[in-house]
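Below are the chains, spelled out letter by letter.
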Amino acid sequence: MQAHGTSLHCSTSSLCQPQSSVPPPISRPSCPNYSHRRHCSSRTHLHRGVQCRSTLPTADKEAIAASTAQTPLAAAVAAAAAPIPLPTSCIPEDLQLPPGELSPIDRSGKGLDVDVFRCFGCKKEECRGPTGCAANMWRFNLDGYLREILTARVYDVAVQTPLEEAKKLSDLMGNRILIKREDMQPVFSFKLRGAYNKMAKLPEEVRARGVITSSAGNHAQGVALAASRMGCKATICMPVNTPGIKVESVRKLGGTVELVGESYQETQAHAVSRSIAEGLAFVPPYDDPFTIAGQGTIGDEILRQGGDMDAL
């Protein structure tokens, strides 16, 4: 073993060769093909869902080659410098459509029984066909949801809330920002709209048997208030870890509370099971066409109150 300046090499081994103690610094320039990223610090990144490999300057590549040539570390350095394959992905800009253009929807599916909507626990023969629930065939029409929103039964109990400017936030952001004040509803939430509309669309004889739902708070209060206005019983299944203030609010509105399930999934499964066993109508908190139409009245109000907006 002989010393040569700051490097060592073994004269008896072909694996040990002279090498520099400190390799030259490597600059990593910004990627010119991806201007909306701050910098490209790696040799491989994604550019609009396609792998984009930026390369180092020629001088830097020559410096790396000179500092690692014929060394036992050459293979390891080469492997580390190789681009790392990344999975393709998309970014929000790829999903934008021109104003007024609706995204196409492929409703064909695989022809499975679960490909279409049916009410929880529904066993009606007319709903077993390929189009699912026979009570809301309007959902297949181009203007189906729009018509249901405009004719929704929400204002028997809900109010049209104001669209107010958040002045301090607007000043901070340098723009005019408006806030829809759904906290001014009787239950301090928009969930009352969907709950009431769904219950209002139930046949009277079904509603008379009572309704049941699962919720951790806002939807529960909406169903309880709607039931008290319609004169029917409402059973509200809530997770066992629901804050006491929410449980008491539901009870004050006339709802019968059952604490069951550690998470919402278990609570909903129990509520659906009871609805089937006891013949109670289940009022979904979100995944029902009539519930969706009721919540959609917010959008109608915003469009009428806000005028020409840049973003909603």
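Residues numbered from 1 in each chain as written. Predicted model: local features only at pLDDT ≥ 70, side-chain atom pairs only at ≥ 80, totals over all residues. Heavy atoms only, no water.

> I'd like to hear about the side chain of N197, residue by residue, with values.
Mapped onto the elements of the fold, N197 is located in helix α5 (residues 191–200). Of the residues examined, N197 reaches a relative accessible area of 0% and is grouped as buried. The residues touching N197, leaving out its near neighbours within four places in the chain, are A152, R153, V154, F290, A293 and G294. (Helix = DSSP H or I, 4+ residues; strand = E, 2+ residues; numbered from the N terminus. Buried < 20%, exposed > 50% of the residue type's maximum accessible area, 1.4 Å probe, protein only. Contact = heavy atoms within 4.5 Å.)

> Describe in detail a nonpolar patch on the surface, supporting the description with residues and values.
Judged by side-chain polarity, L169, L172 and M173 come together as a nonpolar surface patch covering roughly 340 Å² of accessible area. Locating L172 in the fold gives a position in helix α4 (residues 167–173). (Patch = residues over 30% accessible without salt bridge, like charges linked within 9 Å, V, L, I, M, F, W, Y side chains within 5 Å. Areas by Shrake-Rupley, 256 points an atom, 1.4 Å probe, with all protein chains shown as cover. Salt bridge = Lys/Arg side-chain N within 4 Å of Asp/Glu carboxyl O.)

> I'd like a description of the nonpolar core, backed by residues and values.
Membership of the largest hydrophobic core comes to 26 residues, with the highest contact counts inside it found for M199, V211, V223, I236, M238 and V250. Counting only elements with at least two residues in this core, the list comes to α5, α7 (218–230), β8 (234–238) and α8 (244–252). Here the element with the most residues in this core is α7; it accounts for six residues. Apart from the residues lying within four places of it in its own chain, the contact partners of M199 are R207, V211, V223, A226, A227, M230, C232 and V283. Within the second largest apolar cluster, seven residues are counted, among which are I212, V260, V272 and L280. (Core = buried A, V, L, I, M, F, W, Y, C linked by side-chain atoms within 4.5 Å.)

> Mind laying out the pattern of salt bridges, listing which residues take part and the relevant values?
Using the criterion set out here, one finds 14 salt bridges in the structure. Measuring nitrogen to oxygen at the nearest pair gives 3.6 Å for the salt bridge that ties R176 to E165. Taken as a pair, R176 in the loop between α4 and β6 (178–180) and E165 in strand β5 (residues 163–165) lie far apart in primary sequence, eleven residues in all. Owing to a relative accessible area of 56%, R176 belongs among the exposed residues under this scheme. For the salt bridge of E301 with K180, the shortest nitrogen-to-oxygen distance reads 2.7 Å. A residue pair is termed long-range when its members are at least 10 positions apart, and E301 in helix α10 (residues 289–306) and K180 in strand β6 qualify at 121 residues. Using a relative accessible area of 0% as the deciding quantity, one classes E301 as buried. Overall, K180 belongs to the buried group, its relative accessible area being 15%.

> Could you give me a rundown of helix α9 (residues 264–278), with the residues and numbers involved?
Helix length check: α9, at 15 residues, gives a terminal C-alpha distance of 21 Å against a target of 21 Å (1.5 Å per residue), a fit within 8%. All of the buried residues along α9 are T267, Q268, A271, V272 and S275. Buried residues of α9, seen end-on, are gathered within an arc of 130° and therefore sit on one face of the element. Opposite the buried face of α9, at more than 90 degrees from it, the exposed residues are Q265 and A277. (Expected span 1.5 Å × (residues − 1). Arc of directions from axis to C-beta.)

> Just give me the short version of the side chain of S275, but keep the residues and values in it.
Its place among the elements puts S275 in helix α9. What makes S275 buried here is its relative accessible area of 5%. Once residues within four sequence positions are removed from consideration, S275 is found in contact with I212, L280 and F282.

> Summarise the pairing of strand β7 (residues 211–214); cite the residues concerned and give the values.
The alternating pattern of β7 places V211 and T213 on one face and I212 and S214 on the opposite face, and all of these are buried. Bridge count between β7 and β8: four bridges; the pairing is parallel. Bridged to S214 within β8 is C237. With respect to chirality, the unit in which β7 leads through α7 into the neighbouring parallel β8 is right-handed. (Pairing = 2+ DSSP bridges. Right-handed = clockwise from strand over helix to strand, strands pointing away.)

> Report on the packing of α5 against α7, specifying residues and quantitative values.
To characterise two packed helices, one gives the angle between the axes of the helices and the distance between these axes. Two elements in contact, α5 and α7, have axes whose closest approach is 8 Å; the angle formed by their N-to-C orientations is 45°. Here α5 is positioned oblique relative to α7, judged by the angle of their axes. As for how α5 packs across α7, the hand of that crossing is right-handed. The segment α5 lies against α7, with K191, L192, A195, Y196, M199 and A200 engaging N218, H219, G222, V223, L225, A226, A227, R229 and M230. Of the residues contributing to the contact of α5 with α7, the split by class is ten nonpolar, three polar and two charged. (Axes fitted to C-alpha atoms, helices over the stretch in contact; angles between N-to-C directions. Parallel < 35°, antiparallel > 145°, perpendicular 65-115°, else oblique. Left-handed = near helix turned anticlockwise from the far one by under 90°. Nonpolar A, V, L, I, M, F, W, Y, C, P; charged D, E, K, R; others polar.)

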